[in-house]
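Structure assessment
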Amino acid sequence: MAAVQPGGRAMRRMRAVLGHLSGSGDVRAVPCGSRAAASGPEDVVVVHGRRTAIGRAKRGVFKDTTPDELLSAVMTAVLQDVSLRPETLGDICVGNVLQPGAGAVIARVAQFLSGIPETVPCSSVNRQCSSGLQAIINIAGGIRNGSYDIGMACGVETMSLRSGNNPGDIGSSMMENSKARDCLIPMGITSENVAEKFGISRKKQDAFALASQQKAARAQQMGLFKAEIVPVKTTVVDNEGNQKTITVHQDEGVRPSTTLEGLAKLKPAFKEDGSTTAGNASQVSDGAAAVLLAKRSRATQLGLPILGVLRSFAVVGVPPDVMGIGPAYAIPVAVQKAGLTLNDIDIYEINEAFASQAVYCVEKLGIPLEKVNPLGGAIALGHPLGCTGARQVVTLLNELKRRGKRAYGVVSMCIGTGMGAAAVFEYPGN
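Okay, so let's go over this structure. For clarity, every value in this text was computed on a predicted model and none was experimentally measured.

Summing up its helical and strand segments, the protein chain has 13 helices and 12 strands in all. In terms of overall dimensions, the protein chain is globule-like: its C-alpha atoms have a radius of gyration of 20 Å, near the 22 Å expected for 430 residues. Principal-axis analysis of the C-alpha atoms places the extent of the protein chain at approximately 60 × 55 × 50 Å. Counting every position in the protein chain, which comprises 430 residues, the buried fraction comes to 58%. Within the protein chain, contacts between residues separated by at least 24 positions form 79% of all contacts whose residues are at least 6 apart in sequence. Just so you have it, the protein chain exposes about 17300 Å², and 50% of that area is on carbon and sulfur atoms. Positive and negative charge centroids in the protein chain, built from 45 and 36 side chains respectively, lie 5 Å apart.

Here's what the structure looks like:
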């Protein structure tokens, strides 16, 4: 595996910081020891989380479902599951990428559709593919600074109804700045850049994609997603205008029949001689997720369960033209902040935006493949942009709960325009 090549002053500075953390320049060796913080009443804890199934955009089960409807389903379920009165919430934050204003209006509409009173404030946030995780961090920050003791973080995207092709209003002077220009590189081309620059072969990408499909198919067959998925009743309109009411309770993008031979036959999707295909990239999707967070002392007072503890968060910048490498830089920083080593982490939920970048990050950090996305990732499940970070947290903590013992997990993703985000969660044990 080729090492990361310097990309200007910013990249050299980042490498120096990570080298300082590891003492060797090797990001795999963060020598902090297992010094995770002891539990205390001020901890920010995850009480509960639910998500919708993930539908295929444009042609799937949620193609005619609006984001406020998806959001309302998960908001309502989370509150009902733990019997929490809606007015108890101190704040709501919703991650979204494609809706106008990061979905500020749909977030408030969904709140009211869920029976949450007007007295509860609401905001939205867009940090692109990490928006769902950023919403969790925003709510955690409010709890940490004493603004409130309990709040809800959500993520939602209906890529059936909105596309990401419009970057907004940008002046022509941006063409004079190479980094600014690189922010407009199509995501598929950034995947090709990572594959070419760091030698990630088509064979490796397809093998990773196959594993994602196989793990997700196994999890689906075993019913491992049932605890996290909220069944959603919705209406689908066919090509002739006929309406049909259905209840969606299973992820739509999982393909159990996937084979290496089938993946190898797919043509490059973004570049004529490229290696990124529809089979080794994330699926364009629709979905929503909601996570309830609280200060530990407040959760205890209300008799609420504790599903996990937020231990740290980090977001870093990387070159926009290879934005997919972001997790390789954010994960070591978040793990170090938690007082842990990379070896202390039991599960890594790394978003599979593209197999090229996921493979690069896993190999760069030396993470055993059995620790990566044990129930499959976005290649199989789908990637509803604003939802994914919140969905990953729900999936991670439910899997750690199934395992029963005290353990640590990481949620991480790359971010368009060149960033990576990562958060460390602790499952306290049964």
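That shown, we press on.
Time to look at the packing of aromatic side chains. Applying the stated criterion across every chain, the model contains 2 aromatic pairs. Both rings, one in Phe270 and one in Phe354, keep their centres 6.2 Å apart while their planes meet at 85°; by these two values the pair is edge-to-face. With Phe270 in the loop between helix H8 (260-264) and strand S8 (285-295) and Phe354 in the loop between strand S10 (347-350) and helix H11 (355-365), this residue pair connects regions lying 84 residues apart in the sequence. Residue Phe354 is classed as buried on the basis of its relative accessible area of 7%. The ring of Phe225 is capped by Arg51, whose NZ or CZ atom sits 5.2 Å from the centre of that ring.

Inspection of the secondary structure puts Asp346 in the loop between helix H10 (326-337) and S10. Take Asp346: its relative accessible area is 24%, and that puts it in the partly exposed class. Residues within four places of Asp346 in sequence aside, it is in contact with Lys371, Arg403, Ala407 and Tyr408.

Right, let's get into the side chain of Gln205. Tracing the backbone through its elements, the reader meets Gln205 in helix H7 (residues 202-221). Among the residues examined, Gln205 registers a relative accessible area of 0% and is labelled buried. A polar contact is formed between the side chain of Gln205 and the side chain of Ser275, at a distance of 2.8 Å. Ignoring sequence-local partners within four residues, the contact set of Gln205 consists of Ala195, Ile200, Ser275, Thr276, Asn280, Ala355 and Ser356.

A few words on unusual backbone geometry. One non-glycine residue, Gln128, lies in positive phi territory at about 50°. For Gln128, the position within the fold is in the loop between strand S4 (122-125) and helix H4 (131-144). Positive phi outside glycine occurs at Asn373, with the angle close to 45°. Take Asn373: its relative accessible area is 0%, and that puts it in the buried class.

Let us now look at the packing of helix H2 (residues 67-81) against helix H3 (residues 104-113). At a closest axis distance of 8 Å, the pairing of H2 and H3 adopts a crossing angle of 45°. Classified by the angle their axes make, H2 and H3 are oblique. Crossing of H2 over H3 shows right-handed handedness. Across from Pro67, Asp68, Leu71, Ser72 and Met75 in H2, the residues of H3 making contact are Ile106, Ala107, Val109, Ala110, Gln111 and Leu113.

A word on the environment of Ser297. Among the structural elements, Ser297 can be located in helix H9 (residues 296-302). When the C-alpha positions of Ser297 and Val45 are compared, they lie 9.6 Å apart, and in sequence the two are 252 residues distant.

So, about helix H6 (residues 187-198). The first and last C-alpha atoms of H6 sit 17 Å apart over 12 residues, in line with the 16 Å expected at 1.5 Å per residue. Listing the buried residues of H6 in full gives Gly188, Thr190, Ser191, Glu192, Asn193, Val194, Ala195 and Phe198. In this structure, the buried side of H6 is in contact with H7 and H11.

Burial along strand S3 (residues 92-95) is two-sided: Ile92 and Val94 facing one way and Cys93 and Gly95 facing the other are all buried. Relative to S4, S3 runs parallel, the two sharing 4 bridges. Within the sheet, the bridge partner assigned to Gly95 lies in S4 and is Val125. Viewed along the sheet, the connection from S3 through H3 into S4 turns out right-handed. Where S3 meets strand S5 (residues 150-158), 4 bridges bridge the pair, whose relative direction is parallel. In the sheet register, Gly95 faces S5, and the bridge partner there is Gly155.

Each value, and the rule that gives it
Residues numbered from 1 in each chain as written. Predicted model: local features only at pLDDT ≥ 70, side-chain atom pairs only at ≥ 80, totals over all residues. Heavy atoms only, no water. Helix = DSSP H or I, 4+ residues; strand = E, 2+ residues; numbered from the N terminus. Rg over C-alpha atoms; globule rule 2.2 N^0.38 Å. Buried < 20%, exposed > 50% of the residue type's maximum accessible area, 1.4 Å probe, protein only. Contact = heavy atoms within 4.5 Å. Areas by Shrake-Rupley, 256 points an atom, 1.4 Å probe, with all protein chains shown as cover. Lys, Arg positive; Asp, Glu negative; His and termini not counted. Charge placed at Lys NZ, Arg CZ, Asp CG, Glu CD. Phe/Tyr/Trp six-rings, centres within 6.5 Å; stacked < 30°, edge-to-face > 60°. Lys NZ or Arg CZ within 6 Å of the ring centre and 35° of its normal. Polar contact = N/O pair within 3.5 Å; in protein donor to acceptor, adjacent residues only side chain to side chain. Axes fitted to C-alpha atoms, helices over the stretch in contact; angles between N-to-C directions. Parallel < 35°, antiparallel > 145°, perpendicular 65-115°, else oblique. Left-handed = near helix turned anticlockwise from the far one by under 90°. Expected span 1.5 Å × (residues − 1). Pairing = 2+ DSSP bridges. Right-handed = clockwise from strand over helix to strand, strands pointing away.

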